[in-house]
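Coordinates in review
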Amino acid sequence: MATKPLITTFLEMRSADQLRPKRADSKFQIREKTKRDWRFNRDLYFRVGDQWDWIDKRAWTDDQWKEYATAPELRTFAGYFDDALAGYYELRRDSEGGIEIAYFGLLPEWIGRGLGGALLTGALENAWCMDPTPSRVWVHTCNRDHAQALANYQARGMVVYKVEREL
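The rules behind the values
- Residues numbered from 1 in each chain as written.
- Predicted model: local features only at pLDDT ≥ 70, side-chain atom pairs only at ≥ 80, totals over all residues.
- Heavy atoms only, no water.
- Helix = DSSP H or I, 4+ residues; strand = E, 2+ residues; numbered from the N terminus.
- Buried < 20%, exposed > 50% of the residue type's maximum accessible area, 1.4 Å probe, protein only.
- Contact = heavy atoms within 4.5 Å.
- Areas by Shrake-Rupley, 256 points an atom, 1.4 Å probe, with all protein chains shown as cover.
- Lys, Arg positive; Asp, Glu negative; His and termini not counted.
- Charge placed at Lys NZ, Arg CZ, Asp CG, Glu CD.
- 1 Å grid on protein atoms, 1.4 Å probe; cavity = no way out; pocket = protein on both sides within 12 Å on 5 of 7 lines; lining within 4 Å.
- Points joined across faces, edges and corners; volume = space filled by probe spheres on them.
- Nonpolar A, V, L, I, M, F, W, Y, C, P; charged D, E, K, R; others polar.
- Pairing = 2+ DSSP bridges.
- Axes fitted to C-alpha atoms, helices over the stretch in contact; angles between N-to-C directions.
- Phe/Tyr/Trp six-rings, centres within 6.5 Å; stacked < 30°, edge-to-face > 60°.

A closer look at the overall build of the protein chain
When its secondary structure is counted, the protein chain shows four helices and seven strands. Principal-axis analysis of the C-alpha atoms gives the protein chain an extent of 45 × 35 × 35 Å. Going through the 167 residues of the protein chain one by one, you find that 44% of them count as buried. The contacts of the protein chain with a sequence gap of at least 6 include a subset with a gap of at least 24, amounting to 71%. For the protein chain, the accessible area works out to roughly 9300 Å², and carbon and sulfur atoms hold 50% of it. Across the protein chain, 25 positive and 25 negative side-chain charges occur, with their mean positions spaced 3 Å apart.

In structure tokens, the structure reads:
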């Protein structure tokens, strides 16, 4: 059985004014992981990404994870509902002055509870608060991600700027 061709969509936001926020219940909070722990990034990469076939970092060694997660350009945030971990995202400053939402997602047991929009709102708000102010905030998604991923990015105000199709 042939798999679908991979379609990757790149989206961006050029101004914080473009953000159309979505809020969740006050029990949902986002906190930055100021004490860096590469295991947290690795474990959430696998727990969130397993269902979407994230494969780019699966073969990484512990040393590669340590280098990645402690890089000064990377910040990691986690979403909690009543103090239960629900999801996470990583923000990474790029070489052009933008901020990439490098990884973003909910744990499987939290999907479908209306938290994706609130988590993305937090990612965008935190990205725009970074110093220096970014020139843009961007992300990429693909047709193997959650069926509502692209719609969520667009609903928050992000705009498609490129689509790549792998044959």
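Some details on the layout of surface pockets
Taken as a whole, the largest pocket encloses approximately 920 Å³ of empty space. Lining the largest pocket are 36 residues, and of these Trp54, Phe104, Thr141, Asp145 and His146 lie nearest its centre. Those elements that place two or more of their residues in the lining of the largest pocket are β5 (99-106), α3 (116-128), β6 (137-142) and α4 (149-155). For the lining of the largest pocket, the leading source of residues is β5, giving seven residues. The residue makeup of the lining of the largest pocket, split by class, is 16 nonpolar, 11 polar and nine charged.

Some thoughts on empty space enclosed by the protein
In total, this model carries one cavity of 30 Å³ or more according to the counting rule given. Of the pockets and cavities examined, the largest cavity occupies roughly 50 Å³. Lining the largest cavity, in full, are Lys33, Lys35, Arg36, Asp37, Phe40, Asn41, Ala69 and Thr76. Looking at the lining of the largest cavity, its residues break down into two nonpolar, two polar and four charged.

Some thoughts on the sheet that holds strand β2 (residues 28-32)
Spatial ordering of the open sheet is given by β2-β3-β4-β5-β6-β1-β7, a layout of seven strands whose pairing is mixed. Edge positions in the sheet fall to β2 and β7 (159-165), since each of these pairs with one other strand and no more. Strand-to-strand twist across the sheet, computed as the mean angle between neighbouring axes with direction ignored, equals 25 degrees. By the bridge criterion, seven bridges tie strand β4 (residues 84-93) to β5 in an arrangement that is antiparallel. Within β5, the position partnered with Tyr88 by the bridge is Gly105. Packed on one face of the sheet, α3 meets β1 (7-13), β2, β3 (74-81), β4, β5 and β6 and runs near 160 degrees to β5.

Considerations on the packing of aromatic side chains
Per the stated rule, a full pass over the model turns up 12 aromatic pairs. For the pair Tyr45 and Tyr103, a centre-to-centre distance of 5.4 Å together with 80 degrees between the ring planes defines the contact as edge-to-face. In this pair, Tyr45 sits in helix α1 (residues 38-49) while Tyr103 sits in strand β5, placing the two residues 58 residues apart along the sequence. Residue class for Tyr103 comes out buried when judged on its relative accessible area of 9%. Aromatic pair Phe81 and Trp110: ring centres 5.6 Å apart, planes at 45 degrees, arrangement tilted. On the criterion of sequence distance, the pair formed by Phe81 in strand β3 and Trp110 in the loop between β5 and α3 is long-range, its members being 29 residues apart. Counting every residue linked through ring pairs, the aromatic cluster contains Tyr45, Phe46, Trp54, Trp60, Trp65, Tyr68 and Tyr103.

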